[in-house]
Amino acid sequence: MKDIRPETPDRKTILSFLAGHKTRMKLSLTICAHCGLCAESCFIYVTRGRKPEYMPSHKMIHSIGKLYRKKGKVDWETMEEIKDIAWRRCVLCMRCYCPLGIDIPEMISLARSICRSQNVLPAFDGGDET
Ligand code: SF4
Ligand code: SF4
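Residues numbered from 1 in each chain as written. Chains lettered and ligands numbered in written order. Predicted model: local features only at pLDDT ≥ 70, side-chain atom pairs only at ≥ 80, totals over all residues. Heavy atoms only, no water.

Peer 1: Explain the site of ligand 2 here, please?
Peer 2: Lining the immediate surroundings of ligand 2 are Ser41, Cys42, Ile44, Pro56, Lys59, Cys90, Val91, Leu92, Cys93, Met94, Cys96 and Pro105. Tallied by class, residues from the shell around ligand 2 come to 10 nonpolar, one polar and one charged. (Near = heavy atom within 4 Å. Nonpolar A, V, L, I, M, F, W, Y, C, P; charged D, E, K, R; others polar.)

Peer 1: I tried to follow the confidence of the model for the protein on my own but got confused; where do I start?
Peer 2: Close reading of the predicted structure is inappropriate where its pLDDT is low. Looking at the protein, pLDDT values average 93 and 92% of them are 70 or higher. Scored below 50 in pLDDT, residues 126–130 makes nine contacts in the model with residues more than four places away or belonging to other chains. (pLDDT = per-residue confidence, 0-100. Contact = heavy atoms within 4.5 Å.)

Peer 1: Is there a simple way to think about the site of ligand 1 in this case?
Peer 2: Ligand 1 sits among 13 residues. The nearest are Cys32, Cys35, Gly36, Cys38 and Cys98. Residues belonging to the shell around ligand 1 are distributed by class as follows: 10 nonpolar, three polar and no charged.

Peer 1: I keep staring at the nonpolar core and nothing clicks. Help me out?
Peer 2: Formed by 28 residues in total, the largest nonpolar core has its most connected members in Met60, Ile64, Leu67, Met79 and Ile114. Secondary-structure elements contributing two or more residues to this core are helix H1 (11–20), helix H2 (22–31), helix H4 (56–61), helix H5 (64–69), helix H6 (76–88) and helix H7 (104–117). Per element, the largest residue contribution to this core is seven residues, and it comes from H7. Once residues lying within four places of it in the same chain are set aside, the contact partners of methionine 60 are Ser28, Leu29, Cys32, Gly65, Ile102, Ile104 and Met107. In terms of nonpolar packing, the next biggest core, distinct from the first, is built from six residues, Ala39, Cys42, Tyr54 and Met55 among them. (Core = buried A, V, L, I, M, F, W, Y, C linked by side-chain atoms within 4.5 Å. Buried < 20%, exposed > 50% of the residue type's maximum accessible area, 1.4 Å probe, protein only. Helix = DSSP H or I, 4+ residues; strand = E, 2+ residues; numbered from the N terminus.)

Peer 1: Help me understand a nonpolar patch on the surface in this model?
Peer 2: Together, Leu27, Ile31 and Leu100 make up an exposed nonpolar region whose accessible area comes to about 260 Å². Examined against the element boundaries, leucine 100 turns out to sit in the loop between H6 and H7. (Patch = residues over 30% accessible without salt bridge, like charges linked within 9 Å, V, L, I, M, F, W, Y side chains within 5 Å. Areas by Shrake-Rupley, 256 points an atom, 1.4 Å probe, with all protein chains shown as cover. Salt bridge = Lys/Arg side-chain N within 4 Å of Asp/Glu carboxyl O.)

Peer 1: Would you take a moment to explain the side chain of serine 63 for this structure?
Peer 2: Along the polypeptide, serine 63 turns up in the loop between H4 and H5. What makes serine 63 buried here is its relative accessible area of 0%.

Peer 1: Quick question: what am I supposed to make of the packing of aromatic side chains here?
Peer 2: Two numbers describe a pair of aromatic rings. These are the distance of the centres and the angle of the planes. A complete count under the given rule lists zero aromatic pairs for this structure. Above the face of the tryptophan 76 ring, arginine 5 is positioned so that its terminal group lies 4.4 Å from the ring centre. (Phe/Tyr/Trp six-rings, centres within 6.5 Å; stacked < 30°, edge-to-face > 60°. Lys NZ or Arg CZ within 6 Å of the ring centre and 35° of its normal.)

Peer 1: Sorry, what's going on with the packing of H1 against H7 here?
Peer 2: Two quantities define a packed helix pair, namely the angle between the axes and the distance from one axis to the other. Here H1 crosses H7 at 155°, and the two axes come no closer than 10 Å. Considering their axes alone, H1 and H7 lie roughly antiparallel with respect to each other. H7 is crossed by H1, and the crossing has right-handed handedness. Residues Thr13, Ile14, Phe17 and Leu18 of H1 lie in contact with H7, whose contacting residues are Leu110, Ser113, Ile114 and Ser117. Partitioned by chemical class, the residues of the contact of H1 with H7 number five nonpolar, three polar and no charged. (Axes fitted to C-alpha atoms, helices over the stretch in contact; angles between N-to-C directions. Parallel < 35°, antiparallel > 145°, perpendicular 65-115°, else oblique. Left-handed = near helix turned anticlockwise from the far one by under 90°.)

As structure tokens, then:
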């Protein structure tokens, strides 16, 4: 099938999503102490060899954090990487615990919403998450 994607993801739309959650997103990314305490509460991290890329904080930083740092200016390859994190590495089970109160599922859910806005979706996505 012919690829009908524009040359780059729609930065304006991505920025509008980021702007709508700016305060909480900025706070979450700023206060994360990289302590790793959230890791053991994530069954995906525990059952997949405790690799860093499955740590909740890592997933947050490399999905919504990346979109935030790059101010929405990302390429399709980056969007595909974020998709992989937001769906394959997280099921939004809400079990990760952060002593500082960071809501990692909320941040990953936001990354999913941004992926959806760009039509970057996993093959199995039924579109029923928030
Ligand atoms: S999200 Fe919380 S528990 Fe996880 S590394 Fe950051 S501060 Fe530590
Ligand atoms: S919401 Fe995602 S990061 Fe948090 S425990 Fe569940 S799978 Fe892990």
